[in-house]
Amino acid sequence: MDQDQRDFIAGSPLLFIASRNAAGHLDVSPRGGQPSVLRIDAEGRLLLPDFKGNRRLDTLGNVLADPEVAILALREGQDRFVRVNARAEISTDPRVLRAFPADETPPLSVLVLAPNLVETVETEAFRRAGFWIGPEGRKPPIDALALLTQDRAHFDALGLSPVIKDAAEEQGLTRAGLRDSYGTSGPIVREKVARGVGPGSQQLLADVRLLITARMMDGRLRMDLIAEGSPALSEHGTVLHLPRPSDIPLAPEGDIGLLAAAPGRTDLLRLNGTYRTSNRDFVLSPREVYLHCTASFSRARIWQQAVPQSWSGRRRFLCTAITDEGPAVKSFTLRPDDEAGLGPILPGQYVSVSLPADPSGLPRRRSYSVSGRPEEDSLRITVRRIGKGGLSDALHDGVQPGDTLLLGTPAGRFVLESKPGRPVVLVSAGVGITPLLPMLEALAAEGPDRDVWFVHGARDSANHLFRDAVAPFAGPRLRLVSAYSRPLPDDRPDHAARISAAMLATLTEPREADFYLCGPLDFMADLTRDLIALGADPAAVRSEAFEAHGGGPLAEAMEARPPCTVTFAASKRAVRWTPARGTLLDLAVSEGIEAPHSCRMGDCQSCAQRIVAGRVLHPAMAPVDLVQGQALMCQALPDGDVTIDC
């Protein structure tokens, strides 16, 4: 790989992998991840994680029979891809697994790929397919079970039974120990592969604009993209017709594997079979057709205006240092308990924090702003002891260097977004200084091209947090301003009073500046009202409700819900839900109820369950992310008594 190819692969959130089974049948499967799906190790090998999912394990089973694979890596918005041929080895070595975050969805195995051919290919396929759309073009997930039921009834009427996974392949997965890790597949997974495209799958095919293909060429697996319009079906869905692609070399006939993808849709149609060509036609005869409800596109987060996330769910971090910052305030420096990168954290974002074994017996989670990045692979949170027996007290009293904490992904909309050159006023009171510290550091790193004021309010110098830490940032156009409400006799603050809008107006013209406020609710409400009255643009006055910083809309909605009864129909269990029990997925897992899940972020849809009776809420999800009549368990809260089909 040259450096451009390494950079392309290292930033690719989505790829497709082609493999062959012992009979030579080809398969194409997707893989996705943020901020990239692959890791490149020191030896130039590509590490591709494999997570628990539908448990078919087609790619892993193929690699056991034939280690030669091909991948096609994409970058959103780019009219090129990188094509790689490699020899694959399945690894469950803990040292290899440590290349990926130690979070709630760790990989169960890793494909270690040794490349033997790497090519960069320019293509018009994405443009012809209209594949790189914006978030407004996203389509809601399909009700896969309903479509599968249609297909099964259709093929039953034709006397065509489902295609069952090869017994020898299953034996190979068992001998390799993979079935012990992934678990056995249920009836739906085993029987969902059909011998043609049924009426349910045809609903997907109607939107298809891009085919990802794999076939043998000159003794090597070759992957290509075809964007020639939607395939046309024969009467019984057993033959697909396409215009013959003009820019891809094709033998007169051969075996093929492909994925059919529609712009904006995360669900795919996967098939393998044979093809033949004529002067005008490209005709596919499916051997196996698989309605693929994939987490890969969701993990990749393409077609979404979303900040890339470096891990999913809660991730294990080690406390490496604890610093007393002031009365009842401590900072905790935390480093991931793995070898994966920490990834981007925007200035102002927070992380949810919990303990692996909470002494209260409840799964408490509170959110704390990231107050700094002491090193590239560590972050710092700063916690004020509340003194009411909550999580802040547990952190102050029980955590020591070397202990483990669990952190959610960086989140929050209170982030630095000012246009270049525009004056910025960062205003904090007390421990509200924490999200503004990374903003100050980022603004200082920009250079002296804008005016910045860092205004901090405290009771007195003894309660002035991070005073020495911010002092080196002061400069001709970056001013540090202190305001003490009850100064000590020897204190010399810039203002011996509480911060007010009138005082801020003496620093800069309010209508020309951006303001970032963090502190008690009344403090921010008064400043916001008064700054707007002085001419500030309402959109330029942003605030973080620090003392109500509970962890976003899901956590806030959770705390407001009354207790109720949740019935799990298939498990024949009725249990009491309270806010302390978390989401419906948290409740099911704690009760030992079988509830498939993967990402815990609402992306992969693998935890979706039918609502039998009652209603649920999805406070953090948009309607486009949800299937009507289903609960996305990892994001769902009961809206009164509810019955779920699991």
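Residues numbered from 1 in each chain as written. Predicted model: local features only at pLDDT ≥ 70, side-chain atom pairs only at ≥ 80, totals over all residues. Heavy atoms only, no water.

Asker: Lay out the overall build of the chain with the relevant residues and their values.
Answerer: Counting its regular elements, the chain contains 17 helices and 33 strands. Its C-alpha atoms give the chain a radius of gyration of 28 Å, near enough to 26 Å, the size a compact globule of 646 residues would have. Summarising its shape, the C-alpha atoms of the chain cover approximately 90 × 55 × 45 Å along the three principal directions. Residues classed as buried in the chain amount to 51% of the 646 residues present. Carbon and sulfur atoms make up 49% of the accessible area of the chain, which totals about 27,500 Å². Each charge class in the chain was averaged separately, 72 positive and 80 negative side chains, and the resulting centres sit 3 Å apart. (Helix = DSSP H or I, 4+ residues; strand = E, 2+ residues; numbered from the N terminus. Rg over C-alpha atoms; globule rule 2.2 N^0.38 Å. Buried < 20%, exposed > 50% of the residue type's maximum accessible area, 1.4 Å probe, protein only. Areas by Shrake-Rupley, 256 points an atom, 1.4 Å probe, with all protein chains shown as cover. Lys, Arg positive; Asp, Glu negative; His and termini not counted. Charge placed at Lys NZ, Arg CZ, Asp CG, Glu CD.)

Asker: Residues and numbers for the nonpolar core, please.
Answerer: In terms of nonpolar packing, the biggest core is built from 28 residues, with Phe16, Leu210, Ile212 and Met223 touching the most fellow members. Elements that contribute at least two residues to this core include exactly strand E1 (14-20), strand E2 (26-32), strand E5 (68-74), helix H4 (125-129), strand E9 (210-217), strand E10 (220-226), strand E13 (253-261) and helix H10 (296-300). Judged by nonpolar contacts, the second largest core, of 26 residues, contains Leu554, Leu585, Met621 and Cys634. (Core = buried A, V, L, I, M, F, W, Y, C linked by side-chain atoms within 4.5 Å.)

Asker: Please give an account of helix H6 (residues 167-175) that cites residues and values.
Answerer: For H6, the set of buried residues is Glu169, Gly172 and Leu173. Within H6, the buried residues cover an arc of 100° as seen down the axis, which keeps them to one side. Among the exposed residues of H6, those oriented more than 90 degrees off its buried face are Ala167 and Arg175. In this structure, the buried residues of H6 make contact with helix H2 (58-65) and helix H7 (178-182). If you check the start of H6, you find a side-chain oxygen 3.1 Å away from the backbone N of Ala168, and it comes from Asp166. (Arc of directions from axis to C-beta. Contact = heavy atoms within 4.5 Å. Polar contact = N/O pair within 3.5 Å; in protein donor to acceptor, adjacent residues only side chain to side chain.)

Asker: Go over H2 with me, naming the residues and quoting the values.
Answerer: Within H2, 6 of the 8 residues are buried, leaving the element largely enclosed by the surrounding structure. Within H2, burial applies to Asp58, Thr59, Leu60, Gly61, Asn62 and Val63.

Asker: Break down the sheet that holds strand E26 (residues 541-545) for me, with residues and values.
Answerer: Strands sit in the order E24-E23-E22-E25-E26 across an open sheet of 5 strands; the sheet is parallel. Only two strands of the sheet have a single partner each, and these edge strands are strand E24 (478-484) and E26. Adjacent strand axes in the sheet meet at a mean angle of 15° when their direction is disregarded. Bridge count for strand E23 (residues 452-458) against E24 is 7 bridges, and the pairing is parallel. The residue bridging Val452 from the neighbouring strand is Leu478, located in E24. Of the strands in this sheet, strand E22 (424-429), E23, E24 and strand E25 (514-519) touch helix H12 (residues 436-446), which is tilted by about 155° from E22. Strands in contact with helix H15 (residues 521-533) are E22, E25 and E26; relative to E25, the strand with the most contacts, it is inclined by about 160°. (Pairing = 2+ DSSP bridges. Axes fitted to C-alpha atoms, helices over the stretch in contact; angles between N-to-C directions.)

Asker: Mind laying out empty space enclosed by the protein, listing which residues take part and the relevant values?
Answerer: Inspection of the entire model under this criterion finds 2 cavities of 30 Å³ or more. By volume, the largest cavity is sized at about 90 Å³. Forming the walls of the largest cavity are Leu148, Asp151, Arg152, Phe155, Asp156, Leu160, Ser161, Pro162, Glu191, Lys192, Val193 and Ala194. Those elements that place two or more of their residues in the lining of the largest cavity are helix H5 (144-157) and strand E8 (193-194). When the residues that make up the lining of the largest cavity are grouped by side-chain class, the tally is 6 nonpolar, 1 polar and 5 charged. (1 Å grid on protein atoms, 1.4 Å probe; cavity = no way out; pocket = protein on both sides within 12 Å on 5 of 7 lines; lining within 4 Å. Points joined across faces, edges and corners; volume = space filled by probe spheres on them. Nonpolar A, V, L, I, M, F, W, Y, C, P; charged D, E, K, R; others polar.)

Asker: With reference to specific residues and values, describe the pattern of salt bridges.
Answerer: Applying the stated criterion across every chain yields a total of 41 salt bridges. Arg20 is the partner of Asp66 in a salt bridge, and the nearest nitrogen-oxygen pair spans 3.1 Å. Of this pair, Asp66 sits in the loop between H2 and E5 while Arg20 is found in strand E1, placing the two residues 46 residues apart along the sequence. Residue classification places Asp66 among the buried residues on the basis of a relative accessible area of 14%. Residue Arg479 pairs with Asp451 through a salt bridge whose shortest N-O separation is 3.0 Å. One end of the pair, Arg479, is in strand E24; the other, Asp451, is in the loop between H12 and E23, with 28 residues separating them in the sequence. One salt-bridge network, held together by shared partners, links Asp27, Arg56, Asp58, Lys165, Glu169 and Arg270. (Salt bridge = Lys/Arg side-chain N within 4 Å of Asp/Glu carboxyl O.)

Asker: Run through the packing of aromatic side chains, naming residues and quoting values.
Answerer: Applying the stated criterion across every chain yields a total of 9 aromatic pairs. A network of ring pairs unites the aromatic residues Phe16, Phe126, Phe131, Trp132, Phe297 and Trp303 as a single cluster. Lying over the aromatic face of Tyr290, Arg56 brings its terminal NZ or CZ to 5.2 Å of the ring centre. Between Arg299 and the ring centre of Phe51, over which it is positioned, the NZ or CZ distance is 4.1 Å. (Phe/Tyr/Trp six-rings, centres within 6.5 Å; stacked < 30°, edge-to-face > 60°. Lys NZ or Arg CZ within 6 Å of the ring centre and 35° of its normal.)

Asker: Give a detailed account of the packing of H2 against H6, specifying residues and quantitative values.
Answerer: Remark: H2 packs on H6, axes separated minimally by 9 Å, with the N-to-C direction vectors making an angle of 85°. Taken together, the axes of H2 and H6 lie roughly perpendicular to each other. Within the contact between the two elements, H2 uses Asp58, Leu60, Gly61, Asn62 and Leu64 and H6 uses Glu169, Gly172 and Leu173. Along the lines of polarity and charge, the residues of the contact of H2 with H6 split into 3 nonpolar, 3 polar and 2 charged. (Parallel < 35°, antiparallel > 145°, perpendicular 65-115°, else oblique.)

Asker: How would you summarise the pairing of E25 if you had to cite specific residues and measurements?
Answerer: Among the 6 residues in E25, 6 count as buried, and that is most of the element. Residues Asp514, Tyr516 and Cys518 of E25 are buried on one face, and the alternating residues Phe515, Leu517 and Gly519, pointing to the opposite face, are buried as well. Where E22 lies against E25, 5 bridges are found, and the strand directions are parallel. Bridge pairing links Ser428 to Cys518 in E25. Note that E25 and E26 share 5 bridges and pair parallel. Opposite Phe515, over in E26, you have Val541 as the bridge partner. Taken together, E25, H15 and E26 form a β-α-β motif whose crossover is right-handed. (Right-handed = clockwise from strand over helix to strand, strands pointing away.)

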